[in-house]
Amino acid sequence: MKKNYKFFASLLFVTSFAQAQEFKNFTYSDKKIEVPKEFSNNDAVILEKNIKVELAQKEKYSVEYYLFHEKVLLNSDLAVENYNRVYIPFSNPKDLIVNKLRVITGDKVQELKNSDIKQEVDEEKGYTYNYFAVNGLQKGSIIEKYYMIERNPKLDGMYIEVQNKWPIVNYSFEYIHGNHLEYAHTSYNGLPSLFYKDDLYKDKKTLVLEAHNLNVNPDDEKYSNQTRNAKSFRYKLDKNFYNNTTNIYNFTSLTTNIFNLLNKDYEKKDQKAFDNLVKAIAKKSNQTDQIRAIEDVVKNKVSYYKYSKNDNLADALSLGDIGQLNLTKLFYQLFKKFNIENQIVFTSQREDAIVDPNFQSFDYLEDIIFYFPKENKYLEPQNRMFRFPVIDYSFYNNYGLFIKTKEFGGNLMPVNEIKKLEFEPNFTYNNMDITLDFSKNAFNPTFKSNISFGGYQATQIQGLVDLVAKNSWEEILQDFGKNYGVKSSKIDVETENEGIANLGLKPFNITITSDADQLIQRAGNNIIVKLGEVIGAQMELYQQKERVLPIELNYPNDYLRDIKVILPKGYRVKNPEALVFNKVLNDEKGKKVGEFISSYEIKDEVLTVKNTEYYHFDILPVSQYNMYRDVTNAAADFNKVSLILEKI
Amino acid sequence: MLLRHFQNKIIVAIICVTTFVNAQDLSFYQDKFKSFNEVSLLDTEDVYITLQKGNVNVSVKAYEEYLILNDKLRNINVESIFYSDFVKLQSFEAYTLNKVNNKEKKIGYGNVLDKLLEQNNIFHSDTRLKYITYRDLEIGSKKVLNYTLKFEDPYLLHRFNFANFEPAVKKRFRLILDPGIEIGYLLSNTKNIAIQFKNYTEKGKNILEWSVDDVPMYYSEENMLPRNFILPHINFYIKSFTVNGKKTDMLNSIEGLYKYYTNFIKDLNKVEDLALKNFTLELIKNEKTEKDKVKKIYQWVQDEIKYVAFESGYDGFIPRQASLIFERRFADCKDMSSLITAMCKYAGVNNVYLTWIGTDSLPYMYKDLPSPATDNHMIATYITDKDTIFLDGTDSYIKFGLPSGFTRGKEALIDFNGSYLIKEVPKISYKDNYASEHIKLSFNDGLLKGSSKVVLKNYLRSDLAGRIKNSLQKEKQEIFKELYEKGNNTFQLLNLKDYNLEDKQEDYLFEYDFTIANHAITIDKELYVNLLLNDTFENLKIEDRRKNDYKLKDVVTIENYIEFEIPKGYKLDYLPENTNNENEFASYNIKYTASTSKINLHYKIEIKKDVVPNDKFKIWNDLVMDLKNQHLESLKLIKL
C-alpha cells in the first residue's frame, strides 16, 4: 500500500534547513576487525555494516542521502557464489551518487571498474538497477562495498531488520537531520535502543544505533517466525519544533485520506464499467452468499498485480490486471452498492512485518483486506485462490488498522482502531474415519479412509481443481492419496465438495480405497501389521537441537481419527497396549493447549482405535518447547506402531 | 552453458485469414480441451530467405491465434515475443476479436512491457521479452498476435515446434526461398504426428511447407526427457547460396560449421600474458608428466573460477581472452575453455583444444544438423596418442578424466590444429557409477544402533560432493540425514565424518553412527527386525497413466552389506529367503547368511539403463513390485 499513501505523506512538508551531505567523503574502512571465535564456523561473516542517512533540502524538495557500507569475510565457496553478483536498485539513474567496491585477498586489492557495470531499467517495477559480477573473488577474500543514493525521504515509518543470515561483528546506523525535528524510534528483540547524539555533526541531530556481535537469526526451526524474533528497529518523523507539530505521521490522517479516495465518484467511463460489472452479479438473499457472488465476479474478471499500470477501473477490467488501491476501491464500492457493512483493514502478513500496536508506522500497512462485523470474518481481495471467509492464515495473529464508517451529524466519517486479527476457533480440522478389513484375506486387507479436511487443511487443495488441467488434478489427487493413505500399487481417490465454490463453506472430503498388503509383514505364523501407517506420515521433531525461537503455529489445528480394524478369523492382537498414548501440552501458565491421546477397544473381532490431537494456541515460549515436541512426536510415534496378530 | 537464442521458442507467422469459430466449434473445443483456458487454433511461421546485393537475409513472419475456452481468465491475457540483438523484432500487431451482434469486432491491445529474460544460470543476456496485454477477453474471444523478426546472422536461426505441451489445432511452417538458396533441414520426434509436406513454386519463390491439421496433445510430466527429445520440431539451416552463377557455401557440411566457428576464436589468446604465464609455471612446477600438468591446471580452473555467464550478442559465442578471465576469476563455459587451453600452452602442453559440444538437452548429431543449433556448450579436450580426456571447467566437482555428466554420450567438435575432429564423449557403465555402504547393526533397549561406512564413486561422488560444497555448514548434516535415512523418520544421524571432499580424484567416503526407534519390534520373547532399511527403489513404480518415457536420474550400482549382531540371549527363529530378479533395466540381489552370533545381508541393486520406454513400463514395474514385496520380510529372533 505504501506507494499510494506516500503521495499524501509528501503533502506534509518538512520545513527547510541547511543542506549538506555529511558523509559525502565516506571511503573504505581499513579498521582491523577480529572475528569472534563463535562466528568462525559461518560461511560468511559481516565484519562491518554501516548505514547513514541524512535528511536534506535540495531545491524545493526534501531528499534523503542514503549510504550503505558493508565489509564481508567470505569463508566458503558458497559465500563466494552468494557475493559474486551485485545488484543495486535506485529510482532514477542520476540518483546513484557513489558506487564503490573492492576485493581484498591477502595483500591484493582489486577495485570495481566502471566499465564492468551494466545498467538496466525495470519497466515493470519502475526502477533502474546496476548490476555487475565481482572480479577476483575467492574463498578467504574480503568484499567491501559502499554506495550512496539520493532518494525520497521515508518519514512515515521505516523498519530495518539488523539480524541477518550471516553474523555481524560491528553494526552502526545514523540518521542525521535538522535540530528542529525529532524522530520516534523503537527497538525489538534485545537490539540496543537508538539514541540522539547532538555533537556528531554541526548544527544537526543524529539518531544513532550501535550493535556488536549479532548472531544469525535461525532460519531452520519448524513453526517459528523469524520476522517476529529478529533484532530490528523502527523509526519515523514525530515532531517538528519549527511549526510545533507533534505526532506528525499518525493513522488518523491516513484514514481520512483513504476514506475520501474510496468514496470519490468514479469518472464516467469507469462508472459505466462499474455498472456493467454490477449487472453481472447475481442478487442473493443472505449476506455471505452475496459477498461470495461479488467476489466471484471480481476475481474471475481481474487479478491483482502489484505493478499494474492500469490506473483506472475501465482499463483494469478490460485488461485483466488491477493495482491495490483500484481493487480496494472496487470492492468497497460494490459492498456499498449491495449495502454490505464492512471495514477496511490495513495490515501485513506476519512473516513480512509484525504490526506494532504501540508504534504507529506506515511501513507495516502493506496489505488491505476487508472485515465484515456481522459475520466477524474477513475477505482478501488480492488472492484469487481464496473466497470469503478464507484469507491467508498469515494475516491472523498480527494486528491491523481497522477503518469503519460512522455517521456524525448526517456526515459519514471514518473511525479507526488497532486490533488483533484472531483465529476463528475450530476452523481448521482433519477428521479421519479409517477401516482396515482383514475379513476376506488375512494377508491382504482392504483399506478405506474417509478424510474430511476443514479450514486451512482444505485451502491448499480444494480450489486447485478450478485452476489446473484435468490430468494434473488427477495426479494431485493420486499424490494426496499416497500421502494420506497407505503404500499400495493401486489407489482410488474420490472427492466431495471440490472447487473454489465450496472453499471455506464445506469441508473437502476424500475417500481413499486401496489394498494394503504393503502394511503386512509375515513373521512365521504371525502377522505384523504396520497399523500406524494408516494415518499417513506425521510431522516429527526427533532431532535433538536446542530450540532458539518461540513456537508459532501457522494456524490452530484439530485432528480426530477413528480407526476400525476388522481382524482376520483365528487371530488375536498380541500387543494392543502399543496403541495407548497420552501426551499433554500446557502453555506457560499451565493451561492445556494441546494433546495427543490414543486409546483402543476390542469387541467381537473388531479393534477400534481413537486418536485425538489438537494444538490450540498462537505462540508458545521456548520454555514449552519440550512439551510441544513430545505431543508432536507422539503422533509421529503412533505412525510407527506395529501390531502383532498372533494365530490362536 | 551457452543459451542459444530462441531455441525453445515456438514462433509463428502471418498472412493468414483468421479462422472462423462458430458456437458449435467453441463447445467442441471446450469439450475436447476441458479444463484448459485456451486453445491455439492456428500457429504459423513463414521464413523468408532472400538474396539482396549478394547477401542472404532471413526474416520471419509469425501468426498466432488462440480461442478462449474458459472464463477463469488466468494468465492468458498476456502473450510474449522473444527477441535479441541477433533476432530483431521489426513489428508486431496484437488484437482481440470479439463477436458483437454476429460480427467480429477487433479490439487493440493494452499495455506493453519490455523486459530482459531472466534465466537462472545466466547473469547477463540480451534476450528480451515483449509482453503484450489483450483487452476484453471473454469466452469465445480470439486473441491474435502477429509479428516480424529479422535474423541478423543467417547462421543463427531457430526451430519450429509442431506441437507443444498445450492444446493446439493447426500448425504450419514454411520456408520461402529466393532462387539460388539451398537449405537443409532436420525433422525430429515426428513419429506420432501426421505432418504434410509440400514443395511448390509461387511467384518465383521455392516454397517448402510442413503443416499439421490436427495437432496431438503432448503432456508434460515429471522425470521425462528434455523437451527437444519429445516435441516434434524442425531445424533448418542455409547450406549455400548462388549469385550470378557463383556459389557460396555456408553450412553445407560440418566443415562449413567449423569454418563459421573459427571466426569466433581466431583472435583468441594471441598475446602472451606474462602474469598468467608465470602463474601457470609456478602452479605446475612440481608436476612431472604432461598429464599431471593438464590435471593441475584443469583442477585449478575448476576450483578457482566461478561460473558467471554473460550472453549478449556474439559475447555468447566468442570466448574471452584468458588474461581477462585470470583477473576476473569468473567465467562462462567458453571462457573457462579459453583459460584451460591457454594455461596448458604456457605449460608447454599444446594438445589441449577448444571444443564445441551440445549438452544432453539437445538430441542432434553434427552430420544430421551441421548448424550452431547442435551445440550449446564449450569444453576443452586433451588428446594424446593413447587418451582423449574431456575437460569441462563448469563442472567443479568432477574428477580429471571423467567428462561432465551432461556431456556424456554427446559428440564433441574439436578445434584440432586448423581443422576439426569429432569424437564421442564416453558414457559410464552402471557398474562404475557405484556406491557401497557397510553397516554394523545391533539391538539395544528398543533401539537399533548402527555404524555405517559409505563409498561413492564417479558421478555419485561428484553429485553429492557438489551438493555438500554448495551448502551452508549447518545444512550438511541434514543433507546426509535426508539421503541416508533408514527404517523410519526416528532415524538420528550422529558423529558424521567425511573424507576426500576436496580431493576430486579420490572416492568420497563418509562414516556415521545412527539410531532408529520403533523399527525392530519386541513382543514377549520375540524380536522382529527388518534388515532392508532403505526403501529408495520401492518408490520407483511408474504410474499406469504415464504417457512419456521415464527418465531415471542415472545408471548406478549400489551395494549394501549389513551385519546384524544377534542380541545376547536370543537365537534366530526365522530368516527370510534369498532372492534375486533381473530384467534389461535393473536387477536386485538379496542374500542372507547366518551364524550363531551374526546375520549378514548382502543387498545389491543395479540400474542398467536410465530411460524406461513407455512400452516397457510393465517389465520395469514387475521388478519394482517384486522388490517391494521383499521389503516386507523380517527376521524373527526368540529369547532363550
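Residues numbered from 1 in each chain as written. Chains lettered and ligands numbered in written order. Predicted model: local features only at pLDDT ≥ 70, side-chain atom pairs only at ≥ 80, totals over all residues. Heavy atoms only, no water.

1. Concerning the overall build of chain B
And then number 1: The helix and strand inventory of chain B stands at 9 helices and 38 strands.
And then number 2: Counting only C-alpha atoms, chain B reaches 95 × 70 × 40 Å along its principal axes.
And then number 3: Across the 640 residues that make up chain B, the buried fraction comes to 56%.
And then number 4: A separation of at least 24 residues holds for 73% of the contacts in chain B among residues at least 6 apart in sequence.
And then number 5: Looking at chain B as shown, the accessible area adds up to about 27400 Å², and 47% of this sits on carbon and sulfur atoms.
And then number 6: Distance between charge centres in chain B, computed from 89 positive and 91 negative side chains, equals 2 Å. (Helix = DSSP H or I, 4+ residues; strand = E, 2+ residues; numbered from the N terminus. Buried < 20%, exposed > 50% of the residue type's maximum accessible area, 1.4 Å probe, protein only. Contact = heavy atoms within 4.5 Å. Areas by Shrake-Rupley, 256 points an atom, 1.4 Å probe, with all protein chains shown as cover. Lys, Arg positive; Asp, Glu negative; His and termini not counted. Charge placed at Lys NZ, Arg CZ, Asp CG, Glu CD.)

2. A look at the interface of chain A and chain B
And then number 1: Taken residue by residue, the interface counts 71 residues in chain A and 64 residues in chain B.
And then number 2: The tally of links between chain A and chain B comes to 8 salt bridges.
And then number 3: Linking chain A to chain B there are 22 residue pairs in polar contact (both at pLDDT 80 or more).
And then number 4: Of all the elements in the fold, those that place two or more residues in the side of chain A that touches chain B are α2 (77-83), β3 (85-90), β6 (118-122), β7 (127-133), α7 (313-319), α10 (470-484), β27 (520-523) and β28 (526-529) of chain A.
And then number 5: Top element by residues in the side of chain A that touches chain B is α10 of chain A. It accounts for 6 residues.
And then number 6: Looking at the side of chain A that touches chain B, its residues break down into 21 nonpolar, 21 polar and 29 charged. (Salt bridge = Lys/Arg side-chain N within 4 Å of Asp/Glu carboxyl O. Polar contact = N/O pair within 3.5 Å; in protein donor to acceptor, adjacent residues only side chain to side chain. Nonpolar A, V, L, I, M, F, W, Y, C, P; charged D, E, K, R; others polar.)

3. Section: the packing of helix α4 (residues 251-263) of chain A against helix α8 (residues 324-337) of chain A
Residue and element names in this part refer to chain A.
And then number 1: At a minimum axis distance of 9 Å, the contact between α4 and α8 shows a crossing angle of 65°. In terms of orientation, α4 lies roughly perpendicular with respect to α8. Crossing of α4 against α8: the hand is right-handed. Here α4 contributes Ile258, Phe259, Leu261, Leu262 and Asn263 to the contact with α8, which in turn contributes Leu325, Thr328, Lys329, Tyr332, Gln333 and Lys336. (Axes fitted to C-alpha atoms, helices over the stretch in contact; angles between N-to-C directions. Parallel < 35°, antiparallel > 145°, perpendicular 65-115°, else oblique. Left-handed = near helix turned anticlockwise from the far one by under 90°.)

4. Structural notes on helix α7 (residues 458-469) of chain B
And then number 1: Taking 1.5 Å per residue, 12 residues should reach 16 Å; α7 of chain B reaches 16 Å between its end C-alpha atoms and fits that length.
And then number 2: With 10 of 12 residues buried, α7 of chain B lies mostly within the body of the structure.
And then number 3: If you follow the buried residues of α7 of chain B, they end up packed against α2 of chain A together with β25 (434-444), β26 (447-456), α8 (476-484), β28 (508-517) and β32 (556-565) of chain B. (Expected span 1.5 Å × (residues − 1).)

5. Observations regarding a nonpolar patch on the surface
And then number 1: A surface patch of nonpolar side chains, amounting to about 250 Å² of accessible area, comprises Val580, Tyr600 and Ile602 of chain A.
And then number 2: Residue position: Tyr600 of chain A is located in strand β33 (residues 592-603). (Patch = residues over 30% accessible without salt bridge, like charges linked within 9 Å, V, L, I, M, F, W, Y side chains within 5 Å.)

6. Structural notes on the pairing of strand β18 (residues 343-347) of chain A
Residue and element names in this part refer to chain A.
And then number 1: Most of β18 is tucked away: 5 of the 5 residues are buried.
And then number 2: Every second residue of β18 is oriented toward a common face, with Gln343, Val345 and Thr347 on one face and Ile344 and Phe346 on the other, all of them buried.
And then number 3: Bridging between β18 and strand β19 (residues 367-372) involves 5 bridges; their strand directions are antiparallel. Residue pairing for β19: Thr347 is matched across the bridge by Asp367.
And then number 4: Of the pairings in the sheet, the one linking β18 to strand β21 (residues 399-408) comprises 3 bridges and is antiparallel in character. Note that in β21 the partner of Ile344 across the bridge is Ile403. (Pairing = 2+ DSSP bridges.)

7. Some words on the sheet that holds strand β24 (residues 419-424) of chain B
All names here are of chain B.
And then number 1: Read across the sheet, 5 strands follow the order β22-β21-β20-β23-β24 without closing on themselves; strand pairing throughout is antiparallel. Every interior strand has two partners, whereas the edge strands, β22 (388-391) and β24, have only one. Across this sheet, the average inter-strand angle for adjacent strands is 35°, counted without regard to direction.
And then number 2: As judged from the 4 bridges shared by strand β21 (residues 377-383) and β22, these two strands associate in the antiparallel manner. Note on β22: the bridge partner recorded for Tyr382 is Ile389.

8. Some thoughts on the environment of Leu464 of chain A
Residue and element names in this part refer to chain A.
And then number 1: Within the secondary structure, Leu464 sits in the loop between α9 (456-459) and α10.
And then number 2: Distance in space between the C-alpha atoms of Leu464 and Glu498 is 8.4 Å, their sequence separation being 34 residues.
And then number 3: Residue contacts for Leu464: discarding those within four places in its chain leaves Met385, Trp473 and Ile476.

9. Notes on the pairing of β19 of chain A
All names here are of chain A.
And then number 1: Across the 6 residues that make up β19, a large majority, 6, are buried.
And then number 2: Neither face of β19 is left uncovered, since the one carrying Asp367, Ile369 and Tyr371 and the one carrying Ile368, Phe370 and Phe372 both have all their residues buried.
And then number 3: The pairing of β19 with strand β20 (residues 377-379) spans 3 bridges and is classified as antiparallel. Counted as the bridge partner of Phe372 is Lys377 from β20.
And then number 4: Taken together, β19 and the strand that follows it, β20, pair antiparallel across an intervening segment of 4 residues, in which Asn376 is found at a positive phi of about 60°.

10. Here we look at the pattern of salt bridges
And then number 1: Taken as a whole, this structure holds 72 salt bridges over all chains when the rule is applied.
And then number 2: A salt bridge links Glu182 of chain A to Lys239 of chain A, with the shortest nitrogen-to-oxygen separation between them at 3.6 Å. Here Lys239 of chain A lies in strand β14 (residues 232-240) and Glu182 of chain A lies in strand β11 (residues 181-188), a separation of 57 residues in the sequence.
And then number 3: Here Lys239 of chain A falls in the partly exposed class, since its relative accessible area comes to 23%.
And then number 4: Its salt-bridge partner being Lys592 of chain A, residue Glu595 of chain A comes within 2.8 Å of it at the nearest N-O pair.
And then number 5: Overlapping salt bridges bring together Asp315, Arg320, Asp332, Lys334 and Asp335 of chain B as one network.

11. Brief notes about the confidence of the model for chain B
Residue and element names in this part refer to chain B.
And then number 1: When pLDDT is averaged along chain B, the result is 92, and 95% of the positions lie at 70 or above.
And then number 2: For the stretch residues 1-18, pLDDT sits under 50, and the model shows 89 contacts to residues farther than four places along the chain or on other chains.
And then number 3: Confidence estimates for the predicted assembly give a pTM of 0.89 and an ipTM of 0.84. (pLDDT = per-residue confidence, 0-100.)

12. Brief notes about the sheet that holds strand β6 (residues 112-116) of chain B
Residue and element names in this part refer to chain B.
And then number 1: Taken in spatial order, the 3 strands line up as β3-β8-β6 in an open sheet, and their pairing is antiparallel. Because the sheet does not close on itself, it has two edges, and the strands there are β3 (78-83) and β6. On average, adjacent strands in this sheet sit at an angle of 20° to one another, irrespective of strand direction.

13. A closer look at the packing of helix α4 (residues 290-304) of chain B against helix α6 (residues 333-346) of chain B
Angle between the axes and distance between the axes are the two parameters that describe a pair of packed helices.
Residues and elements named next belong to chain B.
And then number 1: Two elements in contact, α4 and α6, have axes separated by 10 Å at closest approach and are oriented at 150°. In this view, α4 runs roughly antiparallel relative to α6, as classed from their interaxial angle. Crossing angle aside, the handedness with which α4 passes α6 is right-handed. Contacts between α4 and α6 involve Val294, Ile297, Tyr298, Trp300 and Val301 from the first element and Met336, Leu339, Ile340, Met343 and Cys344 from the second.
And then number 2: A class-by-class count of the residues in the contact of α4 with α6 yields 10 nonpolar, no polar and no charged.

14. Thoughts on the nonpolar core
And then number 1: The biggest cluster of nonpolar side chains holds 95 residues, and the ones touching the most others in it are Tyr171, Phe173, Phe233 and Leu330 of chain A.
And then number 2: Top element by residues in this core is α8 of chain A. It accounts for 7 residues.
And then number 3: Once residues within four sequence positions are removed from consideration, Phe233 of chain A is found in contact with Met158, Tyr159, Ile160, Val162, Tyr171, Phe173, Thr186, Ser187, Tyr188, Leu191, Leu194 and Leu209 of chain A.
And then number 4: Counting 70 residues, the second-largest nonpolar core is a separate cluster that includes Ile81, Val212, Tyr261 and Tyr364 of chain B. (Core = buried A, V, L, I, M, F, W, Y, C linked by side-chain atoms within 4.5 Å.)

15. Focus: unusual backbone geometry
And then number 1: In this model, Phe388 of chain A is joined to Pro389 of chain A through a cis peptide bond whose omega is 5°.
And then number 2: Within the element layout of this structure, Pro389 of chain A appears in the loop between β20 and β21.
And then number 3: In this model, Asn269 of chain B sits at a positive phi of 50°, which is unusual for a non-glycine residue.
And then number 4: Along the chain, Asn269 of chain B falls in the loop between α2 (254-265) and α3 (274-283).
And then number 5: Overall, the relative accessible area of 26% leaves Asn269 of chain B in the partly exposed class.
And then number 6: Positioned with a positive phi, Asp445 of chain B is a non-glycine residue whose angle comes to about 50°.
And then number 7: Among the structural elements, Asp445 of chain B can be located in the loop between β25 and β26.

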